[in-house]
Amino acid sequence: MPRVAFREAWTLGRVLANGQLLRYGRGDKGYTVRFERALAQKIDSRHVLAVTSGTNALITALAAAGVGPGDEVLVPAYTWVSTALAPLAVGAVPILVNIDESLAIDPADIERKITPHTRAIMPVHMLNLPCDMDRIMGVARRHGLLVVEDACQAVGVPYRGRKLGTIGDLGAFSFNHYKNITSGEGGAVLTDDDRYFTRARMYHDPGNFIRGHAETDEPLFSAMNFRVSELTGAVLYAQLQRLDPLLARLRRRYELVAETFEGAAGCRVSPHNDPDNAMGLTVLFDDPEEARRFGATRGVERLLDTDRHVFTNWDAILSKRSFHPKMNAYNWANRDIEYRIEDYRHTLDILSRTCRVALGTQYPASVMRLRKPALRRAVRRPAGPAAAAPAE
Ligand SMILES: *Cc1c(COP(=O)(O)O)cnc(C)c1O
């Protein structure tokens, strides 16, 4: 199934024919506004604001909530590097938290990392896999912390009857080329809070809230330009109609591919925080060597071997360097922040033993069925009655 095709060509063509590329030009008829409303309705969020990237959505969410210098923000040690960079962009510092076997930020380690300076938690739903949001919200409420969900990799994914990104105080989506729906580059901020939404709009557009034009009492502050054009809005509006079919395909293929690992020896499907709605598949091995070997199979990747998703590759964070020495959030922190690799051995151990298995939504289900024997051969089976007995 094509990711972009006639639908996107049609909406883009309408924008080009009209000639109004600014998102505000056509009032309520603009594609960007229509996309924001349709997405808000689909995921049941009171407000949605389209921005130019997922990174900028995270930065806008933090700025909207007033996170800034002196604040510590808890982020998982396994995520795309942007999650950890976003606090720095508003003058706060990221504090790394270990993940658990579900690949989500570990609620128990969150509790250990909280200090009097902690302001926010950023749970990240990697690979369409939800964090344990019930527990995380419980911890956050008990400690009076803000929750900004990074749902960049989980657009549209349900969690116990709600949609990821709408459970915390604010949420962020990405629409870059690799995400569930795409406009090449793009993102969105989600919130139910009217004031956060006003501040997010203010922060994302330095011109929209000039005196006399603003429909708010919120005091004006200096801002960025993270506005999207109607070209982005038009593609996203068309893409939104592809979201539900995509999620249904992920769900079906999960069932299809997950059963490959039933009865395998030395590995199992990773624990999932909402197994009835699983739309992403990873496999956890006992032995990192076996995971590495399985990672060489087509359509499979060992998580430790993925680019800037592992904190050990976050040079800009580990070196605590910024573009100007005086514009450095670590100078404003309330204590010395140290990133010690040995504090995150647990995360590295899980990543060394976990492989992502692509669900192949771009192929017909019959192709995925043909792939199953190869996956089955790539994992160990108990050899006989003796070997099938528990090892310990
Ligand atoms: C993609 C992604 C982002 C950033 O999105 P961009 O649109 O590329 O800026 C942030 N966090 C996670 C977890 C992501 O996967």
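Fair warning: this is a prediction, and the values are worked out from it, not measured in the lab. (Residues numbered from 1 in each chain as written. Predicted model: local features only at pLDDT ≥ 70, side-chain atom pairs only at ≥ 80, totals over all residues. Heavy atoms only, no water.)

**A short note on the packing of aromatic side chains**
Let me state the cut-off plainly: Planes of paired rings set the category: under 30 degrees apart is stacked, over 60 is edge-to-face and the rest tilted, where pairs are Phe, Tyr or Trp rings (Trp by its six-membered ring) whose centres lie within 6.5 Å. Whether a residue is buried, partly exposed or exposed follows from its accessible area with a 1.4 Å probe, protein chains only, as a fraction of its type maximum: under 20%, in between, or over 50%, in that order. Only lysine NZ and arginine CZ atoms are considered, and such an atom sits over a ring when it is within 6 Å of the ring centre and within 35 degrees of the ring normal.
Per the stated rule, a full pass over the model turns up nine aromatic pairs. Considering the side-chain rings of Tyr 330 and Tyr 339, the 6.2 Å spacing of their centres and the 90° angle between planes classify their relative orientation as edge-to-face. Judged by its relative accessible area of 14%, Tyr 330 falls in the buried class. The structure contains a cluster of three or more aromatic residues connected by ring pairs, namely Phe 35, Phe 173 and Phe 175. Lying over the aromatic face of Tyr 237, Arg 34 brings its terminal NZ or CZ to 4.7 Å of the ring centre. The ring of Tyr 330 is capped by Lys 320, whose NZ or CZ atom sits 5.8 Å from the centre of that ring.

**Quick notes on the packing of helix H1 (residues 6-18) against helix H8 (residues 230-258)**
Our working rule: Axis geometry follows a simple rule: fit a line to the C-alpha atoms, using only the stretch in contact for helices, then measure angles between N-to-C directions, giving values from 0 to 180 degrees. In this text, helices come from DSSP runs of H or I with a minimum length of four residues, and strands from runs of E with a minimum of two, each type numbered from the N-terminal end. Working rule for angles: under 35 degrees goes down as roughly parallel, over 145 as roughly antiparallel, 65 to 115 as roughly perpendicular, anything else as oblique. Helix crossings are classified by the rotation of the near helix relative to the far one: an anticlockwise turn of less than a right angle makes the crossing left-handed, while a clockwise turn makes it right-handed. Residue contacts are defined here by distance: any two heavy atoms, one from each residue, within 4.5 Å place the two residues in contact.
At a minimum axis separation of 8 Å, H1 and H8 run at an interaxial angle of 150°. The orientation of H1 with respect to H8, classified from their angle, is roughly antiparallel. H1 and H8 meet at a crossing whose hand is right-handed. Contact residues: Arg 7, Glu 8, Thr 11, Leu 12, Val 15 and Leu 16 in H1; Glu 230, Leu 231, Ala 234, Val 235, Tyr 237, Ala 238, Gln 239, Gln 241 and Arg 242 in H8.

**A word on the site of the ligand**
Keep this limit in mind: Near, as used in this document, describes a residue that has one of its heavy atoms within 4 Å of the molecule or strand being considered. Distance and chemistry together define a polar contact, namely a pair of N or O atoms within 3.5 Å, with one atom able to donate a hydrogen and the other to accept it when in protein, and with adjacent residues in sequence counting only for side-chain atoms on both sides. In this classification, the charged set is Asp, Glu, Lys and Arg, the nonpolar set is Ala, Val, Leu, Ile, Met, Phe, Trp, Tyr, Cys and Pro, and all remaining amino acids, among them Gly, are polar.
The environment of the ligand is formed by 17 residues, the closest being Gly 54, Thr 55, Asp 150, Ser 174 and Lys 179. Asn 176 has a polar side-chain atom sitting 2.9 Å from an oxygen atom of the ligand. The dominant element in the shell around the ligand, judged by the number of residues it contributes, is helix H3 (residues 54-64), at three residues. Residue composition of the shell around the ligand, by class: five nonpolar, ten polar and two charged.

**Some remarks on H3**
Burial analysis of H3 places ten of its eleven residues in the buried class, which makes it a mostly covered element. Looking only at H3, the buried set comprises Gly 54, Asn 56, Ala 57, Leu 58, Ile 59, Thr 60, Ala 61, Leu 62, Ala 63 and Ala 64. The elements touched by buried residues of H3 are strand E1 (47-51), helix H4 (82-89), strand E5 (146-150), strand E8 (170-174), strand E9 (187-191) and helix H7 (194-204). Measuring from the backbone nitrogen of Thr 55 back to the side-chain oxygen at the start of H3 gives 3.4 Å, which picks out Ser 53 as the cap.

**Section: the sheet that holds strand E11 (residues 282-285)**
Which entries qualify depends on this criterion: By the convention used here, strands pair only if DSSP detects at least 2 bridges between them.
Taken together, four strands build an open sheet; the order of strands is E10-E11-E13-E12 and the sheet is antiparallel. Every interior strand has two partners, whereas the edge strands, strand E10 (267-269) and strand E12 (300-302), have only one. On average, adjacent strands in this sheet sit at an angle of 25° to one another, irrespective of strand direction. Pairing analysis gives three bridges linking E12 to strand E13 (residues 354-357), with the strands arranged antiparallel. Counted as the bridge partner of Val 300 is Val 357 from E13.

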